[in-house]
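Take a look at the letters that make up each chain.
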Amino acid sequence: MEKYNLDDKGGLFKFIAKSPSKIVKQGDSIELKHFGTFNLIKATASDITETSFRIQSTDKIVDAKISTGDHVMLYYSTGDHYIISGEVGTVSKLDPIDLVIKVIKIEKFKDLIKEKKYCVSLNANFKIVGVPEPKQAAVKNISFGGIKADCNEDIMMEDIIEVTIYVDKLNKMPFKGRIVRKNKIDNKYEYGIEYSEVTESGNKLLTRLIHDIEGRI
């Protein structure tokens with residue numbers, strides 16, 4: 001496997017924005033991915049500010065479990081294709097969805113593909129040494145070198161943990177990974193995890209997942 005490579009390093013020609021008001025247009029279509037759902041949610045953007053925007057959807061989402069502070073990822077196209085990383089700011093209702101999204105950053109899809117870093121929002125479980133029950137996590141980034149994920153549990157650097165990522169309704173990707181990055185963000189921890197042991201079937205599933213992401217352009 002490759003080395004962990006999901007930390008931001010910037011670069012002269014890489015586009016990164018934080019203000020949605022410079023990119024997103026009122027009334028435009030946008031697609032939301034939350035780790036609690038397997039499918040993309042089609043929505044409309046409105047009430048756009050320097051730091052956030054509102055999304056509303058007419059799609060019926062069965063048993064949507066979306067809470068304030070949850071990580072989300074959005075696809076937005078207007079000539080260029082953008083990936084918006086954010087978190088749920090407020091939840092007005094869930095049936096149909098009416099949320100305010102606080103933007104963390106906006107990146108061009110093509111730049112992420114060149115760097116082989118892929119934004120996702122996938123549900124996962126962490127099995128940690130000394131902790132009897134698996135802990136829920138939200139995978140935010142994935143590559144052939146590792147993942148970046150949020151989890152409420154405090155895990156030691158260099159620990160080896162067992163991770164299961166729920167890719168879709170039928171497929172899950174288990175692997176063992178080593179904690180190589182750790183950052184406290186509010187009441188949760190952001191972890192960089194490098195693959196240390198991946199099965200052949202898990203590697204095939206990872207390859208398929210990344211191929212499907214690249215196929216969106």
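Preceding this section is the structure that the text describes.
These numbers were taken from a predicted model, which means no experiment stands behind them.

Engineer: So, the sheet that holds strand β11 (residues 160-166): which residues are in play, and what are the values?
Structural biologist: Read around the barrel, six strands follow the order β8-β9-β10-β13-β12-β11 and close on themselves; strand pairing throughout is antiparallel. Going from strand to strand, the sheet's axes swing by 45° on average, the running direction of each strand aside. Where β11 and strand β12 (residues 172-185) come together, seven bridges link them in antiparallel fashion. The partner of T164 across the bridge, within β12, is P174. Its contacts with the sheet place helix α2 (residues 200-214) against β8 (118-127), β9 (135-142), β12 and β13 (188-198), and it is angled at close to 150° to β8.

Engineer: Mind laying out the pairing of strand β3 (residues 41-46), listing which residues take part and the relevant values?
Structural biologist: Direction of pairing for strand β2 (residues 29-34) relative to β3: antiparallel, over a ladder of four bridges. Looking at the pairing, S29 lines up with T44 of β3. Bridge count for β3 against strand β4 (residues 52-56) is three bridges, and the pairing is antiparallel. Considered in β4, the bridge of T44 is made with Q56.

Engineer: Outline α2, supporting the account with residue identities and numerical values.
Structural biologist: For α2, with 15 residues, the first-to-last C-alpha span of 21 Å sits near the 21 Å given by 1.5 Å per residue. Residues of α2 that are buried in the fold lie against β5 (71-78), α1 (109-115), β8, β9, β12 and β13.

Engineer: I'd like a description of the pairing of β5, backed by residues and values.
Structural biologist: Burial of β5 is extensive: six of the eight residues sit out of reach of the surface. In this sheet, β5 lies alongside β2 in antiparallel orientation, the contact comprising four bridges. Residue pairing for β5: E31 is matched across the bridge by Y75. Note that β5 and strand β6 (residues 80-94) share eight bridges and pair antiparallel.

Engineer: Go over the side chain of K188 with me, naming the residues and quoting the values.
Structural biologist: Its location among the elements puts K188 in strand β13. Within the structure, the side chain of K188 is placed 2.8 Å from the backbone oxygen of G69, a separation counted as a polar contact. When sequence neighbours within four positions are dropped, the list of residues in contact with K188 reads G69, E87, D150, C151, N152 and N183.

Engineer: An account of the nonpolar core is needed here, citing residue identities and associated values.
Structural biologist: Within the largest apolar cluster, 36 residues are counted, with the highest numbers of intra-cluster contacts made by F126, I142, I147, I165 and I193. The dominant element in this core, judged by the number of residues it contributes, is β8, at six residues. For I147, the residues in contact, after removing those within four places along its chain, are Y4, L6, V139, N141, I142, V163, I165, F175, Y191, G192, I193 and Y195. By size, the runner-up hydrophobic cluster in this structure holds 24 residues, among which are A17, L32, V88 and I106.

Engineer: Pulling in residues and values, what's your account of the pattern of salt bridges?
Structural biologist: For side chains of opposite charge, pairing can occur when their charged atoms come near one another. For the structure on display, the rule yields 17 salt bridges. For D47, the salt bridge goes to R54, with nearest N and O atoms at 3.4 Å. Where D80 meets K108, a salt bridge forms, and the shortest distance between an N and an O atom there is 3.6 Å. Within this pair, whereas D80 is found in strand β6, its partner K108 is found in strand β7 (residues 97-108), the two being separated by 28 residues in sequence. D80 gets classed as partly exposed once you look at its relative accessible area, which sits at 29%. Each member of the salt-bridge network shares a partner with another, and the members are K140, D150, K188 and E190.

Engineer: Residue-level account of the environment of C119, with values.
Structural biologist: Looking at where C119 falls in the secondary structure, it is placed in strand β8. Residues C119 and F175 lie 56 residues apart in sequence; the distance between their C-alpha atoms is 19 Å. In contact with C119, not counting residues within four places along its chain, are M73, I83, S85, E107, L112, K140 and N141.

Cut-offs applied
Residues numbered from 1 in each chain as written. Predicted model: local features only at pLDDT ≥ 70, side-chain atom pairs only at ≥ 80, totals over all residues. Heavy atoms only, no water. Pairing = 2+ DSSP bridges. Helix = DSSP H or I, 4+ residues; strand = E, 2+ residues; numbered from the N terminus. Axes fitted to C-alpha atoms, helices over the stretch in contact; angles between N-to-C directions. Contact = heavy atoms within 4.5 Å. Expected span 1.5 Å × (residues − 1). Buried < 20%, exposed > 50% of the residue type's maximum accessible area, 1.4 Å probe, protein only. Polar contact = N/O pair within 3.5 Å; in protein donor to acceptor, adjacent residues only side chain to side chain. Core = buried A, V, L, I, M, F, W, Y, C linked by side-chain atoms within 4.5 Å. Salt bridge = Lys/Arg side-chain N within 4 Å of Asp/Glu carboxyl O.

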